[in-house]
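As a plain string of letters, each chain reads:
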Amino acid sequence: QVQLAESGGGSVQSGGSLRLSCAASARLPGSRCLGWFRQAPGEGREGVAYISGPGETKYADSVKGRFTISRDLAKATVYLQMDNLKSEDSAMYYCAADGVGLLKQSYRNWGQGTQVTVSS
């Protein structure tokens, strides 16, 4: 099973930007589905964005127009570019592989998470 490691989280002011990275321990075939999820204290895990094997992307309504998911198969890495961050974006962000869309229960391969804190 491939291992995933998130990075790029941190503290940023409202309106700022961050780019999260998720590095895989092995090559990511083009057919592999990858997703980003987040969980704030006291809340359930929420699907944020995903990219399908063919490259189709979808986003949660709360982040549309602000977040962009992408991947670099040669580097075995998936990214989440986050722009115009809001305080409600503060959460632990997780990368996941081998699931379907934003259905968290369908994913069986998860990273350990990276913390994003947006101050206002």
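Here's what I pulled together on the structure shown here. In this text the structure is predicted, and so the values were computed from the model without any measurement. (Residues numbered from 1 in each chain as written. Predicted model: local features only at pLDDT ≥ 70, side-chain atom pairs only at ≥ 80, totals over all residues. Heavy atoms only, no water.)

## Observations regarding the overall build of the protein
In plain terms, the rule: Each helix is a run of DSSP H or I of at least 4 residues and each strand a run of E of at least 2, with the numbering of both proceeding from the N terminus. Taken over C-alpha atoms, the radius of gyration is set against a globule rule of 2.2 Å times the number of residues to the power 0.38. Each residue's exposure class comes from its accessible area (1.4 Å probe, protein chains only) as a fraction of the maximum for that residue type: buried when under 20%, exposed when over 50%, partly exposed otherwise. In this analysis, two residues are considered to be in contact whenever any of their non-hydrogen atoms come within 4.5 Å of each other. Areas reported here follow the Shrake-Rupley algorithm with a probe of radius 1.4 Å; residue values treat only the protein chains shown as occluding. Neither His nor the chain termini are counted; the positive set is Lys and Arg, and the negative set is Asp and Glu. Each charge is placed at NZ for Lys, CZ for Arg, CG for Asp and CD for Glu.
A tally of helices and strands in the protein yields zero helices and eleven strands. In the protein, the succession of helices and strands from N to C terminus is β-β-β-β-β-β-β-β-β-β-β. In terms of overall size, the protein behaves like a compact globule, its C-alpha atoms giving a radius of gyration of 13 Å where 120 residues would be expected to give roughly 14 Å. Each principal axis of the C-alpha distribution contributes one length, and for the protein these read about 40 × 25 × 25 Å. Put simply, the protein has 120 residues, and 45% of those count as buried. Considering only intrachain contacts with a sequence separation of at least 6, the fraction spanning at least 24 residues in the protein is 54%. Within the structure as shown, the protein displays about 6100 Å² of accessible surface, and the carbon and sulfur contribution to it stands at 46%. For the protein, the separation between the mean place of its 13 positive charges and that of its 10 negative charges on side chains is 6 Å.

## Points about the nonpolar core
Here is the rule: What we call a nonpolar core is a set of buried Ala, Val, Leu, Ile, Met, Phe, Trp, Tyr and Cys residues that are connected through their side-chain atoms within 4.5 Å.
Trp36, Val48, Phe67, Ile69, Leu80, Met82 and Tyr93 are the most contacted members of the largest nonpolar core, which totals 29 residues. Counting only elements with at least two residues in this core, the list comes to strand 3 (18-24), strand 4 (34-39), strand 5 (46-51), strand 7 (67-72), strand 8 (77-82), strand 9 (91-97) and strand 11 (114-119).

## Overview of the sheet that holds strand 1 (residues 4-7)
Backbone-to-backbone hydrogen bonds pair the strands of a sheet. The strands run either parallel or antiparallel. Cut-off, in case you're wondering: DSSP-based pairing: two strands are paired if at least 2 bridges between them are found. An axis is simply a line fitted to the C-alpha atoms; with a helix, the fit covers only the stretch in contact. Between two such axes, the angle follows the N-to-C directions and lies from 0 to 180 degrees.
Across the sheet, which stays open at both edges, the four strands sit in the order 1-3-8-7 with antiparallel pairing between neighbours. Two strands in the sheet have a free side with no partner beyond their single neighbour: strand 1 and strand 7. Within this sheet the neighbouring strands show an average axis-to-axis angle of 15°, counted without direction. Here strand 3 runs beside strand 8; their pairing, made up of six bridges, is antiparallel. Across the sheet, Cys22 pairs through a bridge with Val78, a residue of strand 8.

## Quick notes on the pairing of strand 11
Side chains Thr114, Val116 and Val118 of strand 11 all project onto a buried face; the interleaved residues Gln115, Thr117 and Ser119 project onto a face where none is buried. Of the strand pairs in this sheet, strand 2 (residues 10-13) and strand 11 are connected by four bridges, and their pairing is parallel. Opposite Gly10, over in strand 11, you have Val116 as the bridge partner. As defined by bridge partners, strand 9 adjoins strand 11 across three bridges and the pair is classed as antiparallel.

## Focus on the packing of aromatic side chains
Definition in use: Two aromatic rings, drawn from Phe, Tyr or Trp (for Trp, its six-membered ring), form a pair once their centres lie within 6.5 Å of each other, and the interplanar angle then sorts them: stacked below 30 degrees, edge-to-face above 60, tilted otherwise.
For the structure shown, the criterion picks out four aromatic pairs. Centroid distance Phe37 to Trp110: 5.0 Å. Interplanar angle 55°. Geometry classified as tilted. Of this pair, Phe37 sits in strand 4 while Trp110 is found in strand 10 (residues 109-110), placing the two residues 73 residues apart along the sequence. For Trp110, a relative accessible area of 22% gives the class partly exposed. Ring centres of Tyr94 and Trp110 lie 6.5 Å apart, and the angle between their planes is 80°; this geometry places the pair in the edge-to-face category. With Tyr94 in strand 9 and Trp110 in strand 10, the pair connects residues that are 16 residues apart, well separated along the chain. These aromatic residues form a ring-pair network of at least three members: Phe37, Tyr94, Tyr107 and Trp110.

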